[in-house]
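Close look at the chain arrangement
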Amino acid sequence: MSKTKSPPLMEKIVSLCKRRGFVFQASEIYGGIGNTYDYGPLGVELLRRVKDAWWRDVVTARDDVVGLDSAIIQNPAVWKTSGHVDGFSDPMVDCKTCKARFRADKLEDARCPEKPSKHPGECHGELTEPRSFNLMFKTHVGAMEDSGSVAYLRPETAQGIFLNFANVLSASRLKPPFGIAQIGKSFRNEITPGNFVFRTREFEQAEMEFFVPPAENDRWYEYWKQERFDWYVRLGIDPAKLRMREHEAEELAHYSTGTSDVEYEYPFGWGELEGIACRTDFDLKRHAEASGVRLEYFDPQTKEHYVPYVIEPAGGINRMALTFLIDAYREEELEKETRVVLRFHPSIAPITAAVFPLVKKDGMPERAHEIERDLRLAGMSTFYDEKAAIGRRYRRQDEVGTPFCITVDGDTLSDGVVTVRDRDSMEQERVPAAELSGYLLERVRTWKRA
Ligand code: GAP
């Protein structure tokens, strides 16, 4: 008997994301819009968990980093000064036959739209010479649409942090080394097809500018490289699929003297998950020169003014969420079936606990609802399900990565004890309902990758 060929991993993930409400194509009913996606009920929960974990570990848990939320549309002079108006571009080529446009440096990743088995240029279509294509989205502010009203959607959140360096310094009374962190949307008119949500035109970034005395630059660069790599491992990513890659000199951005990427081995190859860059004093100095405002620190001990150097860990929330999804995905052969399970770290899982009445009668649904409400009040994300056989309900939760399923049965009504079923081991344990939230929170805290 011939075995049906199973679709490649990315296809399975894209299909699961749509079916279970993680990610939908944006404007789908109008045929979509390139490289743009919407996040469904489980997708927003996943993004929220990733953002919470990042904020918790980069800001809340530390006494040397504070937060910021700067505007998406800033004075256009910001982007002239930062170098983005003149330099934030990709080399593009056009196909003279099919008129499609491709990144000249990523032709091996692209496919001819008319002959998808071929790369552009290998399909008898002649390519133009590379031309520079700026990635910033332009818009106009105010009532007039003329050159005086041009503004840009930010292509990175980092600049908003540099603009507020002096404000935060005086408001927070911090002194270098200290960091300012921000999570927010950024926009880039990406041309290369993006491998699902890996590369999209709007995306959320989580960036932190860590301002240090220049002499401490190298020490903090090493520190943040290690810290950010370890963060992914702590959140359950397979360390064998992660690597740190130092940029070659010709790859460095105009502002950087050294950059390392945390890379993950995606089904489509190794790719950047997050970059850690030495931005030196480039940005503060440029903005100080262009605005006429001093952007420096006065050290009361040495009585000297200096411009701090900057170490920047910069990641994408959507790319992190995609990485957690891919890394968590497993197909496990059980006795009579294949189980699809997302083995998320429980603090990343969109639903922490699903609550089921064993049957839809004898007061079990009412008690299950009460237990579910108590877990919600303890800050957990929950899901109530009373449909179908219990085994099927477990499978549906496995597929979206819910670490714990709680069943209320006949005994619960008399002895107050529920069954907690573990997603990873599939083992079951009896736990008093009164102790459930504390028990689950401890299990989340002590979870280890199997
Ligand atoms: N401030 C520095 C900066 O923006 P970057 O390497 O261009 O550096 C940082 O972006 C991170 O943002 C990347 O590592 C990636 O995770 C995410 N990112 C960048 N472009 C993206 C896109 N088009 N779609 C999704 N995520 C993106």
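This is a predicted model, so every value here is computed, not measured. All chains use their own residue numbering, which begins from 1 and follows the written sequence. Residue-level local features of this predicted model are given only where pLDDT is at least 70; pairs of side-chain atoms are given and counted only at 80 or more, and the full residue set underlies all totals for whole chains, interfaces and linings. Just so you know, side-chain values use all the structure's heavy atoms and leave hydrogens and water out.

Further remarks concern the overall build of the protein chain. Counting from the N terminus, the helices are DSSP H or I runs at least four residues long and the strands are E runs at least two residues long. Helix and strand content of the protein chain: 13 helices and 23 strands. Dimensions of the protein chain, computed from C-alpha atoms along their principal axes, come out at roughly 75 × 70 × 50 Å. Each residue's exposure class comes from its accessible area (1.4 Å probe, protein chains only) as a fraction of the maximum for that residue type: buried when under 20%, exposed when over 50%, partly exposed otherwise. In the protein chain, which comprises 450 residues, the proportion classed as buried is 52%. The contact definition used throughout considers only heavy atoms, calling two residues in contact when any of these lie within 4.5 Å. In the protein chain, the share of contacts with a sequence separation of at least 24, taken over all contacts with a separation of at least 6, comes to 64%. Per-residue and other accessible areas were derived by the Shrake-Rupley procedure at a 1.4 Å probe size, with only the shown protein chains allowed to occlude residues. Surface exposure of the protein chain reaches about 22,200 Å², of which carbon and sulfur atoms provide 51%. All tallies of charge rest on Lys and Arg as positive and Asp and Glu as negative; His and the ends of each chain are not included. Think of each charge as sitting on NZ of Lys, CZ of Arg, CG of Asp or CD of Glu. Where the 63 positive side-chain charges of the protein chain centre and where its 73 negative ones centre are 3 Å apart.

Residue ranges for the domains originate in an automatic or database domain assignment. By the assigned domains, the protein chain splits into domain 1 (39-78 + 138-325), domain 2 (89-134) and domain 3 (351-445). A separation of 39 Å is found between the C-alpha centroids of domain 1 and domain 3.

With that out of the way, let us pick up the pattern of salt bridges. Between Lys or Arg on one side and Asp or Glu on the other, a salt bridge is scored when a side-chain nitrogen of the former is within 4 Å of a carboxyl oxygen of the latter. With the rule as written, the count across this model stands at 49 salt bridges. Between Lys-18 and Glu-28 there is a salt bridge, with its nearest N and O atoms 2.7 Å apart. In this pair, Lys-18 sits in helix H1 (residues 9-19) while Glu-28 sits in the loop between strand S1 (23-25) and strand S2 (37-39), placing the two residues 10 residues apart along the sequence. For Asp-398, the salt bridge identified is with Arg-395, shortest N-O distance 3.3 Å. Of the two residues, Asp-398 and Arg-395 both sit in helix H11 (residues 390-400), 3 residues apart, roughly one turn of that helix.

Let us now look at unusual backbone geometry. Cis geometry is adopted by the peptide bond preceding Pro-177, which originates at Pro-176 and carries an omega value of 0°. Mapped onto the elements, Pro-177 comes out in the loop between helix H6 (165-172) and strand S9 (178-187). The backbone of Asn-35 shows a phi angle near 55°, a positive value even though the residue is not glycine. Structurally, Asn-35 can be placed in the loop between S1 and S2. Owing to a relative accessible area of 15%, Asn-35 belongs among the buried residues under this scheme. A positive phi angle is found at His-124, which is not glycine, with a value near 75°.

This paragraph deals with the side chain of Thr-259. Counting through the fold element by element, Thr-259 comes out in strand S12 (residues 258-266). Polar side-chain contacts of Thr-259 include one of 2.7 Å to the side chain of Ser-256. Excluding its chain neighbours within four sequence positions, the residues that come into contact with Thr-259 are Tyr-221, Arg-245, Glu-246, His-247, Leu-252, Ile-276 and Ala-277. Under this definition, polar contacts are N or O atom pairs within 3.5 Å; protein pairs additionally need one hydrogen-donor-capable and one acceptor-capable atom, and for neighbouring residues in sequence, both atoms have to be side-chain atoms.

Right, let's get into the sheet that holds S9. Strands are treated as partners if at least two bridges between them are detected by DSSP. Across the sheet, which stays open at both edges, the 7 strands sit in the order S3-S9-S10-S16-S13-S12-S11 with mixed pairing between neighbours. A strand with exactly one partner marks an edge of an open sheet, and here the two such strands are strand S3 (65-67) and strand S11 (242-246). The average undirected angle you get between the axes of adjacent strands in this sheet is 25°. Note: S12 against strand S13 (residues 269-280), 9 bridges, orientation antiparallel. Across the sheet, the residue bridging to Gly-258 is Cys-278, located in S13. Along the sheet face, H6 touches S3, S9 and strand S10 (202-212) and points at about 135° away from the line of S9. The axes are straight lines fitted to the C-alpha atoms, using for helices just the contacting stretch, and the angles between their N-to-C directions are given from 0 to 180°.

For this description, a residue counts as near a given molecule or strand if any of its non-hydrogen atoms is within 4 Å of it. Lining the immediate environment of the ligand, one finds 21 residues, of which Glu-156, Arg-188, Glu-190, Glu-207 and Glu-272 sit closest. A distance of 3.4 Å separates a nitrogen atom of the ligand from a polar atom in the side chain of Arg-279. Protein chains bury 90% of the 560 Å² of accessible surface belonging to the ligand in isolation. Listed by contribution, the elements that provide at least two residues to the shell around the ligand are S10, S13 and strand S16 (309-316). The dominant element in the shell around the ligand, judged by the number of residues it contributes, is S13, at 5 residues. Gly is put with the polar residues, along with every residue not named as nonpolar or charged; the nonpolar set is Ala, Val, Leu, Ile, Met, Phe, Trp, Tyr, Cys and Pro, and the charged set is Asp, Glu, Lys and Arg. By residue class, the composition of the shell around the ligand is 6 nonpolar, 5 polar and 10 charged.

Side chains of Lys-360, Lys-387, Arg-392 and Arg-396 sit close together on the surface and give a patch of like positive charge. Mapped onto the elements of the fold, Lys-360 is located in the loop between strand S19 (353-357) and helix H10 (364-377). In this analysis, a patch consists of residues with relative accessible area above 30% that form no salt bridge, clustered at 9 Å for like charges and at 5 Å for the nonpolar side chains Val, Leu, Ile, Met, Phe, Trp and Tyr.

Once that is clear, we can look at the packing of helix H2 (residues 41-60) against helix H9 (residues 317-328). Helix-helix packing is described using two parameters, namely the angle between the two axes and the distance between the axes. Axis separation between H2 and H9 bottoms out at 9 Å; the angle between their running directions is 110°. Between H2 and H9, the angle is such that the two are roughly perpendicular. Contact residues: Leu-46, Leu-47, Val-50, Lys-51 and Trp-54 in H2; Ile-317, Asn-318, Met-320, Ala-321, Phe-324 and Leu-325 in H9. Looking at the contact of H2 with H9 residue by residue, the class counts come to 9 nonpolar, 1 polar and 1 charged. When describing relative orientation, an angle under 35 degrees is termed roughly parallel and one over 145 degrees roughly antiparallel, while 65 to 115 degrees is termed roughly perpendicular and anything else oblique.

Turning our attention to the nonpolar core. When a protein is soluble and globular, its nonpolar side chains tend to lie buried together. Remark: nonpolar core denotes a set of buried residues (Ala, Val, Leu, Ile, Met, Phe, Trp, Tyr, Cys) joined through side-chain atoms within 4.5 Å. Counting residues in each nonpolar core, the largest one holds 55 residues, and the members touching the most others are Phe-22, Trp-54, Tyr-232, Met-320, Phe-324 and Phe-344. Within the residue set of this core, elements represented by two or more residues are H1, H2, S9, S10, helix H7 (217-234), S12, S13 and H9. Residue contacts for Phe-22: discarding those within four places in its chain leaves Leu-16, Cys-17, Asp-38, Tyr-39, Gly-40, Leu-42, Gly-43, Leu-46, Leu-325, Leu-342, Pro-350 and Val-400. Of all hydrophobic cores here, the second largest spans 19 residues; its members include Ala-368, Phe-404, Val-418 and Val-420.

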